[in-house]
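Single-letter residue listing:
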Amino acid sequence: MQNIIGKEMKDYTEDGIQEQFSTLFSNQSEEEKLWYLLTHDTMEIKQAYDKRVKKPEDMSKNQKRDKSIIYWNMNYRGKFKRTLWFIPIVIVLCFLTPYFMGGFWLFYDVILIVILIGQLVYTYQKMKLEESEKTQHKQENKDKR
C-alpha cells in the first residue's frame, strides 16, 4: 500500500503489525513491542518535521522577510516598519472623516487611532521578543562551538 507521496504506508492493523515485525519481535515482551512502535514512528515524524521546518541558523532568509509585499510573510520588524508608515495615512484620514462620515466622525477617528496605537505596541513588543530570541540563539550557537 502506498500513500500520496509514493512512500510505502504501514499497515497498522494487528495482522499488518505482526507481519512487519514478526522477526524483530520474536522473543520480546508486549511492552517492548509497544515501546519500539511508539518511538520508531515518533522518530520518523520528527525527521519529516525537521526537513520541512526552516532552520534558525539560516539568517539570510530571515533578513529577506523584513521587506515583503505580503504582510503575513514579514517578520515583526517589517510589520512594525509598515505600521509606522501608516501613521501619516491615519492622520490624513482623521482630517477627512468629518467630510464623509457625518456626525459620527469623532467615534471613527478614536477607533482608528486606538487600533493604530494597539498595533504599534503589539508589533513593537513582538519585534523586541523576536530580536532577543535571535540574539539568544546566536549566543547558544557560539557557546556550542
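Residues numbered from 1 in each chain as written. Predicted model: local features only at pLDDT ≥ 70, side-chain atom pairs only at ≥ 80, totals over all residues. Heavy atoms only, no water.

Chemist: Before we go on, may I ask you to explain the side chain of E130 in this structure?
Modeler: One can find E130 in helix α5 (residues 105-144). Residue class for E130 comes out buried when judged on its relative accessible area of 18%. Here Y76 takes part through its backbone nitrogen, which lies 3.3 Å from a polar atom of the side chain of E130. Non-local contacts of E130, meaning those with residues more than four positions away in its chain, are made with R65, N75, Y76 and R77. (Helix = DSSP H or I, 4+ residues; strand = E, 2+ residues; numbered from the N terminus. Buried < 20%, exposed > 50% of the residue type's maximum accessible area, 1.4 Å probe, protein only. Polar contact = N/O pair within 3.5 Å; in protein donor to acceptor, adjacent residues only side chain to side chain. Contact = heavy atoms within 4.5 Å.)

Chemist: I keep staring at the environment of Y122 and nothing clicks. Help me out?
Modeler: Mapped onto the elements, Y122 comes out in helix α5. The exposure class of Y122 is partly exposed, given its relative accessible area of 44%. Along the sequence, Y122 and Y76 sit 46 residues apart, while their C-alpha atoms lie 9.3 Å from each other.

Chemist: Where do I start with the nonpolar core in this structure?
Modeler: Soluble, globular proteins show a tendency: their nonpolar side chains are buried together. Counting 6 residues, the largest nonpolar core consists of F80, V90, C94, L116, L120 and M127. Mapped by element, the contributors of at least two residues to this core are α4 (76-101) and α5. (Core = buried A, V, L, I, M, F, W, Y, C linked by side-chain atoms within 4.5 Å.)

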